[in-house]
Amino acid sequence: EIYTLSLHDALPIWVGGTGNNFSTTGNWTYSSGTGPVASGDSLAFGGAGSTTPNNDETGFSYGGITFSGTTLYTVGGNAFTLASGGSIANSGAVNQTINNNITLTGSGGIINPSVASANCAFTFGGIISGNANLTKSGGSGSTLTLTGVNTFSGVLTFNAGTVVFTTPPSVS
């Protein structure tokens, strides 16, 4: 099963032209409107600007996050919620890192480290929490590494590839 992020008219695309912060309007281009990034947006990182984007927004929910191109990003900063059914996907040919705490809601979230390249990876350094499921999809050579003490209470489903836990998961 393949999950893709639909790029809609208001999708903010990271250009990182004036620093690292998500709240800086000049760090994003918008296909419609002028921003800033709003709760509920889906975000795209495609090979431009700062490679260490910082989510300085608080209490935000993102519909999804997608990476493309060959730029390695390490996203950090404040926690966020991944909207119900939202996906975090990598269609580039490099490994990406997200160090934020992430809350799953509703039907849960999907992580796909390898939309376009079979051997890509994601590393998640924060805590994944919430009362929802998490699905790891992607190619058979793709890897998801979870380094936080994750506390989400849903089911972890592996559709392909490898999941590595560097810290034992919380069991309830």
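Quantities reported herein were computed from a predicted structural model and do not represent experimental measurements.

Calculation notes
Residues numbered from 1 in each chain as written. Predicted model: local features only at pLDDT ≥ 70, side-chain atom pairs only at ≥ 80, totals over all residues. Heavy atoms only, no water. Core = buried A, V, L, I, M, F, W, Y, C linked by side-chain atoms within 4.5 Å. Buried < 20%, exposed > 50% of the residue type's maximum accessible area, 1.4 Å probe, protein only. Contact = heavy atoms within 4.5 Å. Helix = DSSP H or I, 4+ residues; strand = E, 2+ residues; numbered from the N terminus. Polar contact = N/O pair within 3.5 Å; in protein donor to acceptor, adjacent residues only side chain to side chain. Pairing = 2+ DSSP bridges. pLDDT = per-residue confidence, 0-100. Phe/Tyr/Trp six-rings, centres within 6.5 Å; stacked < 30°, edge-to-face > 60°.

Draft legend 1. Structural view of the nonpolar core. One finds Phe45, Phe67, Ile88 and Phe124 to be the most contacted residues of the largest nonpolar core, which totals 29 residues. The residues contacting Phe124, other than those within four sequence positions of it, are Ile88, Ile98, Ile102, Ile111, Leu144, Thr145, Leu146, Thr147 and Gly148.

Draft legend 2. Focus on the environment of Ser50. Mapping Ser50 onto the fold places it in the loop between strand 3 (42–45) and strand 4 (54–55). Ser50 sits 30 residues away from Asn20 along the chain, and the two C-alpha atoms are 6.1 Å apart. When sequence neighbours within four positions are dropped, the list of residues in contact with Ser50 reads Trp14, Val15, Gly16, Gly19, Asn20 and Tyr73. Polar contacts involving the side chain of Ser50 include one to the main-chain amide nitrogen of Thr52, which spans 3.1 Å.

Draft legend 3. Structural detail: the pairing of strand 14 (residues 143–146). For strand 11 (residues 121–124) and strand 14, the ladder comprises four bridges, and the chain directions are parallel. Bridge pairing in strand 14 links Phe122 to Leu144. Of the strand pairs in this sheet, strand 14 and strand 16 (residues 162–165) are connected by four bridges, and their pairing is parallel. What sits directly across from Thr145, in strand 16, is Val164.

Draft legend 4. Representation of the sheet that holds strand 11. What the six strands build is an open sheet, ordered 4-6-8-11-14-16; its pairing is parallel. Two strands bound the open sheet, and with one partner strand each, they are strand 4 and strand 16. Across two bridges, strand 4 lies against strand 6 (residues 74–77) in parallel orientation. Within strand 6, the position partnered with Asn55 by the bridge is Gly77.

Draft legend 5. Quick look at the side chain of Thr145. When you line up the elements, Thr145 lands in strand 14. Residue Thr145 is classed as buried on the basis of its relative accessible area of 16%. Look past the residues within four positions of Thr145 in its chain and what remains in contact with it is Phe122, Thr123, Phe124, Val164 and Thr166.

Draft legend 6. Examining the confidence of the model for the chain more closely. On average, residues of the chain score 86 in pLDDT, and 87% of them are at 70 or above. Averaged pLDDT values for the elements of the chain fall to 86 in strand 2 (residues 28–30) and rise to 98 in strand 6. Taken as a whole, residues 1–9 scores under 50 in pLDDT and shows 17 contacts with residues more than four places along the chain or in a different chain.

Draft legend 7. Fine view of the environment of Thr105. Considering the arrangement of structural elements, one finds Thr105 in the loop between strand 9 (102–104) and strand 10 (109–112). Note on Thr105: relative accessible area 28%, which makes it partly exposed. Taking the C-alpha atoms as reference points, Thr105 and Leu82, 23 residues apart in sequence, are found 6.9 Å from one another. In contact with Thr105, other than residues within four places in its own chain, are Thr81, Leu82, Ala83, Ser84 and Ala132.

Draft legend 8. A look at the pairing of strand 5 (residues 61–67). In terms of burial, strand 5 is largely enclosed, as six of its seven residues are buried. Relative to strand 5, strand 3 runs parallel, the two being bridged by four bridges. Each residue of the ladder has a partner; that of Ser42, found in strand 5, is Gly64. Relative to strand 7 (residues 80–90), strand 5 runs parallel, the two being bridged by six bridges. Note that in strand 7 the partner of Tyr62 across the bridge is Leu82.

Draft legend 9. Geometry of the packing of aromatic side chains. Inspection of every chain in the model, using the stated rule, returns 14 aromatic pairs. Centroid distance Phe22 to Trp28: 5.4 Å. Interplanar angle 85°. Geometry classified as edge-to-face. Residue Phe22 is classed as buried on the basis of its relative accessible area of 3%. Where Phe67 meets Tyr73, the ring centres are 6.0 Å apart and the plane angle is 40°; that geometry is what we call tilted. On the accessibility criterion, Tyr73 (1% relative accessible area) is buried. Each residue in the set Trp14, Phe22, Trp28, Phe45, Phe60, Tyr62, Phe67, Tyr73, Phe80, Phe122 and Phe124 is aromatic and connected to the rest through ring pairs, giving one cluster.

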